[in-house]
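What follows is each chain in one-letter form.
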Amino acid sequence: MSSVSKAEKQIIKNINKKHVGKRITVKRVLECFFTYLGLLIIAFIFAFPVIWLVLASFSESGSMYTFKGFFPSAFSVETFVKLFTDTAMYNYPRWFGNTMIIAVCSALLGGLLVILTAYVMSRFRFPARKKIMKITMILGMFPSFMAMTAVYLLMTQFDMINKLWGLVLIYAAGAPMGYLTQKGFFDTIPNSMYEAARIDGASNLTVFIRITLPIAMPMIVYTLLTSFTWPWSDFILPKLLLKDKNLYTVAVGLMSLGDTEFARFAAGSVFIAVPIIVLYFVLVKYMVNGLTAGAVKE
């Protein structure tokens, strides 16, 4: 009995020591307080421009010069009504439709090219494979606007100025440069699955369609989403290649607004974020799974 009681006493003593170590001290309270305070300040710094833009979109006067400090002097929803009804000078619905066409087509075509490129680089071995990978990594370090002059001259020669399909082809052609994340995902798929399919007589196309694509669905969704967001918010290429006002994208169209149309600019900027937010909440689980699976090799 004495040995049991000693063991119990020792257990109680250890538990008490743990509780003593976890007792709330003034130092720990201050650390938590200042940590959360710093996080709240950082969150406010990042959230304030968004809040200000949303409030500016409801400005009754429409001009930034009537603001009292940072915020409008009077609020109204008339700006959003004018955004879609007053299209004589600023045809926002047409700009929105142009942007949607470019983004969707670029996402489908560019996403297909990225997936095919990543699959080939991951599963096939051929001469100059590693050299091609190194070259693409080096080229990816340079900003894309360095090639704007060459792109403009090429599009002029091919008569692609003022054509939405010209932008689609450029976005889709540049998309395979970012194939490394997708390649990392394909590297995690066991070779035994491919070997079993080939033993059963499956061709490379059958293996890709019936085995790889179902497994890679999170990565496909992630690729389509990232391929969609780039042309959706891009400004430089549309500004360079689209001269007709009716062919503007939203980014170019909003930048062409006058100084007295700031509320319309803010309303258009807020509304263009809606598709991205909806897609994000609908596809976020696929996006996270695809990104993490491509970043970590099993």
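What counts as what
- Residues numbered from 1 in each chain as written.
- Predicted model: local features only at pLDDT ≥ 70, side-chain atom pairs only at ≥ 80, totals over all residues.
- Heavy atoms only, no water.
- Axes fitted to C-alpha atoms, helices over the stretch in contact; angles between N-to-C directions.
- Helix = DSSP H or I, 4+ residues; strand = E, 2+ residues; numbered from the N terminus.
- Parallel < 35°, antiparallel > 145°, perpendicular 65-115°, else oblique.
- Left-handed = near helix turned anticlockwise from the far one by under 90°.
- Salt bridge = Lys/Arg side-chain N within 4 Å of Asp/Glu carboxyl O.
- Buried < 20%, exposed > 50% of the residue type's maximum accessible area, 1.4 Å probe, protein only.
- Expected span 1.5 Å × (residues − 1).
- pLDDT = per-residue confidence, 0-100.
- Contact = heavy atoms within 4.5 Å.
- Core = buried A, V, L, I, M, F, W, Y, C linked by side-chain atoms within 4.5 Å.
- Patch = residues over 30% accessible without salt bridge, like charges linked within 9 Å, V, L, I, M, F, W, Y side chains within 5 Å.
- Areas by Shrake-Rupley, 256 points an atom, 1.4 Å probe, with all protein chains shown as cover.
- Lys, Arg positive; Asp, Glu negative; His and termini not counted.
- Charge placed at Lys NZ, Arg CZ, Asp CG, Glu CD.
- Phe/Tyr/Trp six-rings, centres within 6.5 Å; stacked < 30°, edge-to-face > 60°.

With respect to the packing of helix α4 (residues 92–123) against helix α11 (residues 217–233)
Part 1 of the reasoning: At a minimum axis distance of 8 Å, the contact between α4 and α11 shows a crossing angle of 140 degrees. It follows from the interaxial angle that α4 and α11 lie oblique. At the point where α4 passes α11, the crossing takes the right-handed sense.

Digging into the pattern of salt bridges
Part 1 of the reasoning: Tallied over the full model, the rule gives four salt bridges.
Part 2 of the reasoning: Between R264 and D86 there is a salt bridge; the shortest N-O distance is 3.1 Å. Taken as a pair, R264 in helix α14 (residues 262–295) and D86 in the loop between α3 (78–85) and α4 lie far apart in primary sequence, 178 residues in all.
Part 3 of the reasoning: Take D86: its relative accessible area is 34%, and that puts it in the partly exposed class.
Part 4 of the reasoning: Taken together, the shared-partner salt bridges in this structure form one network comprising D86, E261 and R264.

What about α11?
Structural remark: α-helix, 3.6 residues per turn; residues separated by three or four positions point the same way.
Part 1 of the reasoning: Given a rise of 1.5 Å per residue, 17 residues ought to cover 24 Å, and the 25 Å separating the end C-alpha atoms of α11 matches this to within 8%.
Part 2 of the reasoning: Every buried residue of α11 is accounted for by P218, M219, I220, V221, Y222, T223, L225, S227, F228, P231 and W232.

Observations concerning the side chain of S106
Part 1 of the reasoning: Inspection of the secondary structure puts S106 in helix α4.
Part 2 of the reasoning: The class of S106 is buried, set by a relative accessible area of 2%.

Structural notes on the confidence of the model for the protein
Part 1 of the reasoning: On average, the protein scores 81 in pLDDT, and the residues at 70 or more come to 84%.
Part 2 of the reasoning: Of all secondary-structure elements in the protein, the lowest mean pLDDT belongs to helix α1 (residues 2–21), at 55, while α4 reaches the highest, 91.
Part 3 of the reasoning: In the model, residues 294–298 has pLDDT below 50 throughout and makes eight contacts with residues more than four positions away in sequence or in other chains.

Some remarks on the nonpolar core
Part 1 of the reasoning: In this structure, Y119, Y179, F185, F186 and V207 are the most contacted members of the largest nonpolar core, which totals 20 residues.
Part 2 of the reasoning: For this core, the elements supplying multiple residues, two or more each, are α4, α8 (180–187), α9 (191–199), α10 (204–215) and α11.
Part 3 of the reasoning: The leading source of residues in this core is α4, at five residues.
Part 4 of the reasoning: When neighbours within four sequence positions are excluded, Y179 is seen to be in contact with V114, T117, A118, M121, M133 and T136.
Part 5 of the reasoning: The next biggest cluster of nonpolar side chains, apart from the first, holds 16 residues, and it includes L83, A103, A107 and V250.

Considerations on a positive patch on the surface
Part 1 of the reasoning: Taken together, the side chains of R125, K130, K131 and K134 present a region of like positive charge at the surface.
Part 2 of the reasoning: Structurally, R125 is set in the loop between α4 and α5 (129–139).

A word on the packing of aromatic side chains
Part 1 of the reasoning: The final tally for this structure, using the stated rule, is 20 aromatic pairs.
Part 2 of the reasoning: The interplanar angle of 75 degrees and the centroid separation of 5.3 Å between the aromatic rings of F33 and F34 together place this pair among those described as edge-to-face.
Part 3 of the reasoning: For F34, a relative accessible area of 52% translates into the label exposed.
Part 4 of the reasoning: Their ring planes at 40 degrees and their centres at 6.2 Å tell us that Y92 and F96 sit as a pair that is tilted. Note that Y92 and F96 are positioned in helix α4 at a spacing of four residues, about one turn of the helix. Accessibility classification places Y92 together with F96 in one group, the buried group.
Part 5 of the reasoning: Ring pairs connect the aromatic residues F84, Y92, F96, F228, W232 and F271, which therefore count as one cluster.

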